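# Summary of structural features
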Amino acid sequence: MPENRHPYLLAAAGTSFGRLEGQSALDLMAQAANAAIARAGVARDGIDGVLCGYATTYPHLMLATLLSEKLGLEPHYAHGIQMGGATGAAMVMLAGELLRSGACRRVLVVAGENRLTGQARDTSIQTLAQVGEADTEVPNGASVPAYYALLASAYMAATGTRREDLAEFAVLMRRNAAGHPRAHLREPIDLRQVLDARPIATPLHLLDCCPISDGAVALLLSTDAGPVRLAGAGQAHRHQHLSALRDVLDTGAARAARRALDQAGVSREQIDYLAIYDSFTVTLVMLLEELGYAPRGGAAARLRQGTYDPDGALPLNTHGGLLSFGHSGVAGGLSHVAEAWEQLAGAAGERQIGRRRRALVHADGGVLSAHVSLVLEAEAA
């Protein structure tokens, strides 16, 4: 790698998540981007790359260029990205490649959407359901929760995971979100509430599912030295549709993580912070176990031992994850990267959990279809 082309995350910033009336996806993206630029202390004319996640409420053909115009930027490289829930992590990976290659020196990564207030509920359901197979899955009325419910049923049968095990993670995410002033859902919940919530798609109940939110997140990456380095990244794509998934125990997550860890030159055991995609409780359990941070069927036991608590050995989604911080399309996944940056950079204020050295970020798109892993490293104090 050429000298001085290591990719660093200089800053992360975001809006609140939840119900943000009267603001378009572009408005929200601009707010997050302006906050990240200000936090990094970088001049606008020094930003030469812009990567923008898609927005279902703002399906513009040239969204990255449009956002650049709104922000007063004239980048050398602008690109809109679509990889479902993996988009945020994929944009960070691409930004790293642009920086390593010398194509750009500073890259703004942005995502945001008014998915809660800017789109009817039925429209959101129908739009997201299109990740299903067009000839068999979609015509039969399947929704994203239904796809994940089928996945959950198969995984639970294979590993002995119980509904109570899934519910424990909903409680942990809400507990983490309670301390975050920008989180969508902050009211505490207990195990009984999760189990008694109304069914959405058996075995998943309401609190096993992430909320639909408005919100935006932005990051600024650069070859300029910063508090957190992008040390490694990897992807894996084994299927698109649930009906094409060959092995519920090998979705591609471990393959993506192995590539990221290998590029970073570190082992799984050297990770001390986890930022793992959690669109549903079963998503989080399956990923933790496939990534090797719990034995099969044993993620809940690790949780009960305190492993994933903010003061545990492997703090997990300390902002509350998609399940409680909120899910605003691409920005939902990007919020995991932003939280990892804040914790590694020691920039989380009253929520700081103590200094951590390395984070593994993992995101998935579709029905555990597209996988992207990132290894972030804090620069030595």
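Conventions adopted
- Residues numbered from 1 in each chain as written.
- Predicted model: local features only at pLDDT ≥ 70, side-chain atom pairs only at ≥ 80, totals over all residues.
- Heavy atoms only, no water.
- Helix = DSSP H or I, 4+ residues; strand = E, 2+ residues; numbered from the N terminus.
- Rg over C-alpha atoms; globule rule 2.2 N^0.38 Å.
- Contact = heavy atoms within 4.5 Å.
- Areas by Shrake-Rupley, 256 points an atom, 1.4 Å probe, with all protein chains shown as cover.
- Lys, Arg positive; Asp, Glu negative; His and termini not counted.
- Charge placed at Lys NZ, Arg CZ, Asp CG, Glu CD.
- Pairing = 2+ DSSP bridges.
- Axes fitted to C-alpha atoms, helices over the stretch in contact; angles between N-to-C directions.
- Disulfide = S-S within 2.5 Å.
- Buried < 20%, exposed > 50% of the residue type's maximum accessible area, 1.4 Å probe, protein only.
- Parallel < 35°, antiparallel > 145°, perpendicular 65-115°, else oblique.
- Phe/Tyr/Trp six-rings, centres within 6.5 Å; stacked < 30°, edge-to-face > 60°.
- Polar contact = N/O pair within 3.5 Å; in protein donor to acceptor, adjacent residues only side chain to side chain.
- Core = buried A, V, L, I, M, F, W, Y, C linked by side-chain atoms within 4.5 Å.
- Expected span 1.5 Å × (residues − 1).
- Left-handed = near helix turned anticlockwise from the far one by under 90°.
- Nonpolar A, V, L, I, M, F, W, Y, C, P; charged D, E, K, R; others polar.

We now examine the overall build of the chain. When helices and strands are counted, the chain shows twelve helices and eleven strands. For 381 residues, the compact-globule estimate of 2.2 N^0.38 gives 21 Å, and the C-alpha radius of gyration of the chain, at 19 Å, lies within 12% of that figure. When its C-alpha atoms are laid out on the principal axes, the chain stretches across 55 × 40 × 40 Å. Across the chain, the fraction of contacts at a sequence separation of at least 24, relative to all contacts at a separation of at least 6, is 76%. As displayed, the chain has an accessible area near 14300 Å², and 49% of this comes from carbon and sulfur atoms. Within the chain, the 38 negative side-chain charges are centred at a point lying 3 Å from the centre of the 33 positive side-chain charges.

As a further point, take the sheet that holds strand β9 (residues 273-276). One open sheet accounts for nine strands, arranged β3-β2-β4-β7-β1-β8-β11-β10-β9; its pairing is mixed. Two strands bound the open sheet, and with one partner strand each, they are β3 (77-81) and β9. Pairwise comparison of adjacent strand axes, ignoring direction, gives a mean angle of 20° for this sheet. Direction of pairing for strand β1 (residues 8-14) relative to strand β7 (residues 214-222): antiparallel, over a ladder of six bridges. Residue pairing across strands places G14 opposite V217, the latter belonging to β7.

Below, the discussion takes up the state of the cysteines. The final tally for this structure, using the stated rule, is zero disulfides. Cysteine C209 is unpaired, with the sulfur of C210 as its nearest cysteine sulfur at 7.3 Å. By relative accessible area, C209 is classed as buried at 13%.

Here we come to the packing of helix α3 (residues 87-101) against helix α12 (residues 330-345). Running from N to C, α3 and α12 point in directions that differ by 60°, and their axes come no closer than 7 Å. The orientation of α3 with respect to α12, classified from their angle, is oblique. Contacts between α3 and α12 pair T87, G88, M91 and V92 from the former with V330, L334 and V337 from the latter.

So, about the side chain of R356. In this structure, R356 sits in the loop between α12 and β10 (358-365). Contacts of R356, omitting those with residues within four sequence positions, involve D272, Y273, P310, D311, G312, A313, P315, L344 and A378.

Geometry of an aromatic ring pair is reported as the spacing of the ring centres plus the angle between the planes. A full pass over the atoms with the stated rule returns three aromatic pairs. Consider the rings of F169 and Y308, whose centres lie 6.1 Å apart with planes at 45°: the pair is tilted. Here Y308 lies in the loop between α10 (299-304) and α11 (321-324) and F169 lies in helix α6 (residues 163-177), a separation of 139 residues in the sequence. For the pair formed by F169 and Y308, the shared burial category is buried.

For D278, the location among the structural elements is in the loop between β9 and α9 (281-290). Within the structure, D278 has its side chain in polar contact with the backbone nitrogen of L323 (distance 3.2 Å). A polar contact of 3.0 Å, which involves the side chain of D278, links it to the side chain of H336. Beyond its immediate sequence surroundings of up to four residues, D278 is in contact with M173, T283, L284, N317, G320, G321, L322, L323 and H336.

Here the focus is the nonpolar core. Of all hydrophobic cores here, the largest spans 100 residues; its most connected members are F169, L219, L274, Y308, L316, L374 and L376. Among the elements that take part in this core, α12 stands out by supplying nine residues, more than any other. Setting aside residues no more than four positions away along its own chain, L376 makes contact with L9, V228, R229, L230, V337, A340, L344, R357, R358, A359 and V361. By size, the runner-up hydrophobic cluster in this structure holds 29 residues, among which are A33, V42, I47 and L73.

Another point: α3. The first and last C-alpha atoms of α3 sit 21 Å apart over 15 residues, in line with the 21 Å expected at 1.5 Å per residue. For α3, the tally of buried residues reaches twelve of 15 residues, placing the bulk of the element in the interior. Here α3 has its buried residues at T87, G88, A89, A90, M91, V92, M93, A95, G96, L98, L99 and R100. Taken from the residues just after α3, G102 is the one with a positive phi, measuring 90°.

So, about α6. Across its 15 residues, α6 extends 22 Å between first and last C-alpha, which sits within 8% of the 21 Å expected from 1.5 Å per residue. Across the 15 residues of α6, twelve count as buried, placing the element largely inside the fold. Of the residues making up α6, those classed as buried are D165, L166, A167, E168, F169, A170, V171, L172, M173, R174, N176 and A177.

Turning our eyes to something else, we now look at the environment of D196. Summarising the element assignment, D196 is placed in helix α7 (residues 191-196). Judged by relative accessible area, which is 53%, D196 ranks as exposed. In this structure, the C-alpha to C-alpha distance between D196 and L206, residues ten residues apart in sequence, is 9.1 Å.

Turning our attention to the packing of helix α5 (residues 144-159) against α9. Orientation of α5 relative to α9, taken along the N-to-C sense of each, is 45°, at an axis distance of 10 Å. Our classification of the angle between α5 and α9 gives oblique. Remark: the crossing between α5 and α9 carries left-handed chirality. Contacts between α5 and α9 involve Y148, L151, A152 and Y155 from the first element and V282, T283, V285, M286 and E289 from the second. Among the residues making up the contact of α5 with α9, the classes are represented as seven nonpolar, one polar and one charged.

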